[in-house]
Amino acid sequence: MIKGKFIDNLPKVYGIYTGGFIGFIILMAIAEQMGMSAKAIGIAFVAFTVGIYAVIGYLSRTLQVDAYYVAGRQVPTVFNGMATAADWMSGASFVAMAGGIYFKGYGYMALLVGWTGGYILVSTLLAPYLRKFGCYTVPDFVGTRYGGNTARLSAVLVLTVASFTYVTAQINATGTIASVALDIPFEIAVYVGLASILLCSMLGGMRAVTWTQVAQYIVLIIAYLLPVFWISSKMGAGIFPHLMLADEVARIAELEGQFGFVKNSAADLATVPKGLAGITKAHSSVNGTNWGFISLAICMMAGTASLPHVMMRYFTTPSVKSARRSVAWSLLFIFILYSTAPMLATLSKLSLIDPTLSTGIIGKSIAEVQAIDWYQNWNQANLMFVSDFNGNGTVELNEFFMGGKAVVLATPEIAGLPYVISGLVAAGGMAAAMSTADGLVLAIANALSHDLYYKIIDPKAETAKRLIVARVLLVIIGFAGATIAAMGIQGILGSVIWAFDFAMSGLFFPLVLGVWWKRANGPGAVAGMLLGLAAGTWYLIHVRTGGAGFWGITQLTFGIFGSLVSLVSMVVVSLLTAAPDKATQDMVDEVRVPSGKTVLGKQH
Amino acid sequence: MSNKEKHWGKTKGLLFITLAIWFFFSIGIFFFGTEMEASSFRPFGYPLSYYMTCQGSLLAFVILNFWFAGRQEKIDEEFGFSEREDK
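This structure is a prediction, so every number in the text was calculated from the model and none was measured.

**As for the overall build of chain B**
Each helix and strand counted, chain B has 3 helices and 0 strands in total. For chain B, the α and β elements follow one another from N to C terminus as α-α-α. For 87 residues, the compact-globule estimate of 2.2 N^0.38 gives 12 Å, and chain B exceeds it by more than 25% at 18 Å. In terms of its C-alpha atoms, chain B occupies a principal-axis envelope of roughly 50 × 30 × 15 Å. By the burial criterion, 36% of the 87 residues in chain B qualify as buried. Once local pairs closer than 6 in sequence are excluded, the contacts in chain B between residues at least 24 apart make up 54%.

And the structure:
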């Protein structure tokens with residue numbers, strides 16, 4: 001078919017696509033001037049972009065096993081970098097991260113360090129070696145390296161727990177955005193989001209997900225950067241915010257000193273709608289313990305290296321060398337967005353709290369703020385709230401509350417940008433959440449269909465049957481995720497962080513030692529995965545139910561405890577049991593050099 | 001020592017250097033949050049602690065990753081282990 005040609009023409013194809021998307025933005029901007037309603041623009045943006053992803057998904061349909069699982073292993077380095085970046089940057093990165101930084105300041109920026117530093121671990125410790133291994137899924141590596149169905153099954157278990165925690169958060173994010181942009185109830189919007197996610201992945205598996213993720217990266221990066229640069233210029237803060245916001249950061253610190261962080265009484269806080277928060281921590285100053293910062297960064301880094309939906313992206317490159325280079329490109333593409341998030345948080349905060357700016361609301365009268373258009377819109381969406389706790393008639397810093405998502409979704413409107421930008425941001429958020437959800441759902445479904453069904457239950461299954469099972473599982477997992485997302489148990493950012501801790505608890509050391517320690521054996525790996533996961537889960541439940549934690553580990557960093565238990569039990573059990581046989585040791589040697597055949601065959 | 005063992009020895013050496021730099025930027029410097037904040041060295045005018053966490057360390061990782069990939073490729077070539085079908 002057009003396959004070979006398609007790969008050669010990628011830069012052209014995506015160049016035209018990017019041009020088309022920019023054309024669409026301009027078209028919408030003109031339509032807005034001609035009187036198109038805000039609601040119609042929002043719908044047009046989401047429908048247009050999701051429609052394109054669906055078309056790509058349909059065109060990439062496949063009936064081949066290696067195309068379905070690893071996109072035929074022919075995704076070029078830079079494009080795989082883009083796809084990984086989209087796979088990686090979730091609804092949490094796009095919609096929630098700037099909000100987290102806005103509220104928690106310096107302490108939360110440990111996430112930025114963790115979510116980028118982890119890629120050093122990915123490229124040095126794992127990705128090239130797993131690519132050489134030639135596996136379809138992460139449990140495929142564990143099952144073959146350690147031998148035996150118990151190890152394979154344990155890996156499937158950890159993968160499912162971590163990825164499922166993560167995917168509910170992503171479906172939650174698609175639901176939030178779809179409900180705001182399309183103006184439908186959240187419970188229904190969640191399923192609209194799910195339908196769009198499945199459209200991209202069902203027919204073409206990894207191949208379809210790869211090409212939609214590249215398209216989604218382009219949309220999300222334009223949607224994230226454009227408003228930040230625009231707002232920065234508009235506020236006179238500088239045309240290149242990353243290098244020019246020092247004065248604004250200093251000004252926020254000055255205002256913080258001037259207003260002070262007044263603590264609200266519990267009774268007052270009870271009147272604030274659920275999920276909204278006020279500014280209670282310093283923006284740029286060190287506002288927590290060093291260990292608090294470092295422990296969070298460590299968990300995110302080790303989690304990054306253990307999350308299967310990221311790792312499996314590097315199985316799709318044509319060679320080991322390109323897998324390694326591709327990690328570097330991924331990180332560059334991720335850096336572009338992550339370095340922008342704190343700038344957005346700074347601009348957003350300053351425009352709201354600086355009384356000398358026309359957009360500032362602190363110091364204005366309550367009635368005045370309640371009459372602002374955007375305040376009414378976002379108050380209605382349950383993302384903004386003011387209340388006159390001290391009864392002096394004006395809004396104080398401690399009397400203004402906002403939802404974390406509002407920082408990204410509402411700032412363009414607050415700063416007075418045309419609505420077309422808000423529509424673009426909605427499309428970007430949708431792209432970010434969808435791309436990650438796709439990768440996750442596929443990771444779970446592939447592990448279940450390849451490792452559980454094909455490798456363990458029915459090794460004689462024919463290709464057609466395997467692919468049908470894979471697709472049925474995809475739909476089931478998607479629905480299960482959406483159902484749980486609709487219940488809204490944990491916020492987006494919280495569940496994402498948990499997913500990292502789960503993955504780190506169960507998979508980090510079994511994966512790393514599988515390559516770097518020849519003596520590691522099956523029983524050790526099983527002990528490491530199961531005890532690590534159990535210990536991490538125990539700690540989380542322990543702290544959540546009011547138990548006292550230790551070593552300064554919180555419910556966001558329980559992976560530290562889980563992975564330590566995992567490491568110790570894996571080493572101890574490995575040393576107490578027999579060393580792996582010669583064939584396995586040779587296999588590890590083989591994985592350590594890039595040249596030669598992969599350990600597992602092209603189709604297996 | 002066989003060719004493979006030498007290759008692996010050099011690969012491990014590169015790993016340790018890379019991880020040492022990684023440790024410095026991801027963990028090491030953040031033991032000194034308040035000291036960095038008080039520092040008179042302020043890149044682009046930002047407090048050093050703030051700059052490192054929102055840009056500096058991130059940028060260091062990007063550069064480190066490309067550098068590492070290049071070095072490892074050289075090691076693979078040196079011992080004749082690079083892939084032929086590379087694009």
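**Let's talk about the sheet that holds strand β1 (residues 276–277) of chain A**
Residues and elements named next belong to chain A. Reading across from one edge, β1-β3-β2 is the order of the 3 strands in this open sheet, with antiparallel pairing throughout. Two strands lie at the open edges of the sheet, namely β1 and β2 (384–386), each paired on one side alone. Bridge analysis of β1 against strand β3 (residues 400–403) gives 2 bridges, and the strand direction is antiparallel. Paired with L276 across the strands is G403, a residue of β3.

**Remarks on the packing of helix α7 (residues 110–133) of chain A against helix α3 (residues 48–78) of chain B**
Two numbers describe how α7 of chain A lies on α3 of chain B: the axes approach to 9 Å, and their chain directions differ by 10 degrees. Taken together, the axes of α7 of chain A and α3 of chain B lie roughly parallel to each other. Contacts from L112, V113, T116, G117, Y119, I120, S123 and T124 of chain A of α7 of chain A reach α3 of chain B at T53, C54, S57, L58, F61, L64, N65, F68 and A69 of chain B.

**Overview of the UniProt feature "domain: Sodium symporter small subunit" (unreviewed entry) in chain B**
In the numbering adopted here, UniProt assigns the feature "domain: Sodium symporter small subunit" (unreviewed entry) to residues 5–81 of chain B. Measuring from the first to the last C-alpha atom of residues 5–81 of chain B gives 12 Å, for a span that is 77% helix and 0% strand.

**A look at the environment of Y119 of chain A**
Looking at the element boundaries, Y119 of chain A is found in helix α7. For Y119 of chain A, a count of 28 C-beta atoms within 10 Å puts it in the buried group. As a C-alpha pair, Y119 of chain A and T584 of chain A span 465 residues in sequence and 28 Å in three-dimensional space. Residue contacts for Y119 of chain A: discarding those within four places in its chain leaves T304, V327, S330 and L331 of chain A together with F61 and N65 of chain B.

**Some words on the pairing of β3 of chain A**
Residue and element names in this part refer to chain A. Neither face of β3 is left uncovered, since the one carrying F400 and M402 and the one carrying F401 and G403 both have all their residues buried. Where β2 meets β3, 3 bridges bridge the pair, whose relative direction is antiparallel. Bridging across to β3, F385 finds its partner in F401.

**Digging into the environment of Y419 of chain A**
Residue and element names in this part refer to chain A. Here Y419 is to be found in helix α22 (residues 419–457). In this structure the C-alpha to C-alpha distance between Y419 and T289, which are 130 residues apart in sequence, comes to 41 Å. Sequence-distant contacts of Y419, that is, excluding residues within four places in its chain, are made with E32, A38 and I41.

**Focus on the nonpolar core**
Counting 239 residues, the largest nonpolar core has L126 and L220 of chain A as its most contacted members. Apart from the residues within four sequence positions on either side, L220 of chain A is in contact with A86, M89, F94, G428, A431 and A432 of chain A.

**A word on the interface of chain B and chain A**
Facing 42 residues of chain B, the contacting portion of chain A comprises 43 residues. Contributing elements (two or more residues each) for the side of chain B that touches chain A: α1 (3–26), α2 (33–38) and α3 of chain B. Among the elements that line the side of chain B that touches chain A, the one with the most residues is α3 of chain B, at 18 residues. For the side of chain B that touches chain A, a count of residues per class yields 21 nonpolar, 13 polar and 8 charged.

**Considering the environment of K274 of chain A**
Examined against the element boundaries, K274 of chain A turns out to sit in the loop between α14 (266–269) and β1. Counting along the chain gives 19 residues from K274 of chain A to L255 of chain A, while the straight-line C-alpha distance between them is 27 Å.

**Concerning helix α5 (residues 77–88) of chain A**
All names here are of chain A. With 12 residues, α5 ought to run about 16 Å at 1.5 Å a step, and its terminal C-alpha atoms sit 16 Å apart, in line with that. The element α5 is extensively covered by neighbouring structure, given that 11 of its 12 residues are classed as buried. When α5 is considered as a whole, its buried residues turn out to be T77, F79, N80, G81, M82, A83, T84, A85, A86, D87 and W88.

**Notes on the packing of helix α18 (residues 341–353) of chain A against helix α21 (residues 406–414) of chain A**
Residues and elements named next belong to chain A. Between α18 and α21, the shortest axis-to-axis distance is 10 Å and the interhelical angle comes to 50 degrees. When the interaxial angle is binned, α18 and α21 end up oblique. Where α18 crosses over α21, the two elements pack in a sense that is left-handed. For the pair α18 and α21, the contacting residues are L344, A345, S348, S351 and L352 in the first and V407, V408, T411 and I414 in the second. Among the residues making up the contact of α18 with α21, the classes are represented as 6 nonpolar, 3 polar and no charged.

**Digging into the UniProt feature "transmembrane region" (unreviewed entry) in chain B**
Residue and element names in this part refer to chain B. According to UniProt, the positions carrying the feature "transmembrane region" (unreviewed entry) are residues 12–33 and 48–68. Annotated as 73% helix and 0% strand, the span residues 12–33 places its first and last C-alpha atoms 31 Å apart. From the first C-alpha to the last, residues 48–68 spans 26 Å; its make-up is 100% helix and 0% strand.

Conventions used here
Residues numbered from 1 in each chain as written. Chains lettered and ligands numbered in written order. Predicted model: local features only at pLDDT ≥ 70, side-chain atom pairs only at ≥ 80, totals over all residues. Helix = DSSP H or I, 4+ residues; strand = E, 2+ residues; numbered from the N terminus. Rg over C-alpha atoms; globule rule 2.2 N^0.38 Å. Buried ≥ 20, exposed ≤ 12 C-beta atoms within 10 Å, placed from the backbone. Contact = placed C-beta atoms within 7 Å. Pairing = 2+ DSSP bridges. Axes fitted to C-alpha atoms, helices over the stretch in contact; angles between N-to-C directions. Parallel < 35°, antiparallel > 145°, perpendicular 65-115°, else oblique. UniProt positions renumbered as here; feature names shortened; annotations may be inferred. Core = buried A, V, L, I, M, F, W, Y, C linked by C-beta atoms within 7 Å. Nonpolar A, V, L, I, M, F, W, Y, C, P; charged D, E, K, R; others polar. Expected span 1.5 Å × (residues − 1). Left-handed = near helix turned anticlockwise from the far one by under 90°.

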